[in-house]
Amino acid sequence: MKPFSGNPEEFNDRVIEQYRRYVNPALAQLMKFGGYGSVEWTGEGVYITDTHGERYLDALAGYGVFSLGHRHPRIVEAVHRQLDQMPLSTRQFFTSPMADLAERLAEVSPGKLQYSFFCHSGTESVEGALKCARIASGKHGIIFTTNAFHGKTMGSLSAGGREVYRTKVEPLVPDFHKVPWGDAEAVREAVTADTAAIILEPVQGEGGINPAPEGYLQTVRSICDEKGVLLIADEVQTGFGRTGRMFGVQHSGVNPDIMCLAKALGGGVTSTAAFVGTPEVWNRFFSENPTIHTTSVVNLCAMAAGLETLKVIEEEGLIENARNMGARLLEGLRLVQSELPDMVREVRGLGLMVGIEFHEKDFGLLTIAGLASRKIIAGYTLANPNVIRVEPPLIINDSQVDYVIESVRESLKECRDLLAG
Ligand code: PMP
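Residues numbered from 1 in each chain as written. Predicted model: local features only at pLDDT ≥ 70, side-chain atom pairs only at ≥ 80, totals over all residues. Heavy atoms only, no water.

Draft legend 1. View of the overall build of the protein chain. Looking only at helices and strands, the protein chain has 15 helices and 17 strands in total. Computed over C-alpha atoms, the radius of gyration of the protein chain comes to 22 Å, within 12% of the 22 Å expected from 2.2 N^0.38 for 421 residues, which places it in the range of a compact globule. Over its C-alpha atoms, taken along the principal directions, the protein chain stretches across nearly 65 × 50 × 45 Å. Looking at the protein chain as a whole, 53% of its 421 residues qualify as buried. For the protein chain, the share of sequence-separated contacts (at least 6 apart) that also reach a separation of at least 24 residues comes to 72%. As displayed, the protein chain has an accessible area near 18800 Å², and 53% of this comes from carbon and sulfur atoms. Each charge sign in the protein chain was given a centre, from 40 positive and 52 negative side chains, and these centres are 2 Å apart. (Helix = DSSP H or I, 4+ residues; strand = E, 2+ residues; numbered from the N terminus. Rg over C-alpha atoms; globule rule 2.2 N^0.38 Å. Buried < 20%, exposed > 50% of the residue type's maximum accessible area, 1.4 Å probe, protein only. Contact = heavy atoms within 4.5 Å. Areas by Shrake-Rupley, 256 points an atom, 1.4 Å probe, with all protein chains shown as cover. Lys, Arg positive; Asp, Glu negative; His and termini not counted. Charge placed at Lys NZ, Arg CZ, Asp CG, Glu CD.)

Draft legend 2. Spotlight on unusual backbone geometry. Along the chain, Glu 170 connects to Pro 171 via a cis peptide bond; the corresponding omega equals 5°. Locating Pro 171 in the fold gives a position in the loop between α8 (163–166) and β6 (176–179). At Ile 209, a position not held by glycine, the phi torsion is positive, near 55°. Positionally, Ile 209 belongs in the loop between β8 (203–204) and β9 (210–211). Residue classification places Ile 209 among the buried residues on the basis of a relative accessible area of 0%. Phi angles above zero are rare outside glycine, and Lys 263 is one such case at about 40°. Take Lys 263: it is sitting in the loop between β11 (258–261) and β12 (273–277). Taking relative accessible area as the criterion, Lys 263 reaches 22% and is therefore assigned partly exposed.

Draft legend 3. Focus on the pairing of strand β7 (residues 195–200). Burial within β7 is extensive, with 6 of its 6 residues counted as buried. Both strand β5 (residues 141–145) and β7 contribute to a ladder of 3 bridges, which runs parallel. In the sheet register, Ile 142 faces β7, and the bridge partner there is Ala 197. Sheet analysis places β7 next to strand β10 (residues 230–234), joined by 4 bridges and oriented parallel. Looking across to β10, one finds that Ala 197 is bridged to Leu 230. (Pairing = 2+ DSSP bridges.)

Read these as layout, nothing more, since geometry by itself doesn't imply function.
In structure tokens, the structure reads:
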């Protein structure tokens, strides 16, 4: 990997100006003053390096995209191999990378989930899952929860719990009904004869790192069984070992009818997504029209990356590492909380999906700045500005976790002194 070799100031100014002129001026402003203000250049393992040659520990991992870290050599090699052979499918022929990945997903997915539809982003997988639920059930109603996040296109946004993303776009897709997160009885009350599905995340990510309360998913599953409603698990962020199990729903033993996947499936090198369904759902989804849901691009490099990702997760013991490192992180951060209870309200999470909730959002802002000055990337949750998240690659080790914990402690103390002084 070649380090940046030019004048970083000039180069960065040019890129930021391009953002301002051709990408998103308001975002450029926000990133320049509220973010890292620099241009990334290379990535390797848990680290990225910017054009100034500053190396950062990536404790955010692209909100779950970089579970294998940056440029995992086995994923890079798998993608190279496929690129040299055939990068995209014609879709007129059968194609084996897609068939291989679909078979492997059926093997690792919980319960009877067996069939996969491949696409490119999380929101696209949710769109497909919602269509699939309506077509398979012959019903329309979709139940979603407060603080849910499923993406920002029209269908997924209709199931989004945060008003700020919705109001300017309304009217959204009809027949979406919001219930309080964690309240199974509210689900029971919301179900009508026309309810197709309930969609939820096993651990809410953007909503503030909220693991499902004890027994919640099991009760929702039994309500679905009783009333003939489909359960859609959005595992876009929780999938592929992030929570210390292959999928977040496996902590509760609940089997969804449809599961949405993305982010980590691309191995941190490509963008891959899918939704997976049971034969019962799939047969009804496609029975009358096998092309009722399609996309023109089947990215075979992404399929190769997905297949290799599953092998790496298994062979490198990344799920176990997520469990162990997650426990270490939680314990360390809870100790910090006990030292600074006036600043930290709660530390919570599952595996390597951990949130720190502050009493005030300024503490979060200053902690993120303090971590940045210690060369650590952390971030907010989209729907809850009082919570910052620590969601590093699953390949992180003891000493890197300890460095993150110590840096949170130091940043908070610095913030306390600043506010006191
Ligand atoms: N579902 C969940 C649970 C997510 O966390 C996200 C992204 N943070 C999405 C869907 C949307 O994914 P994408 O940004 O790839 O569209």
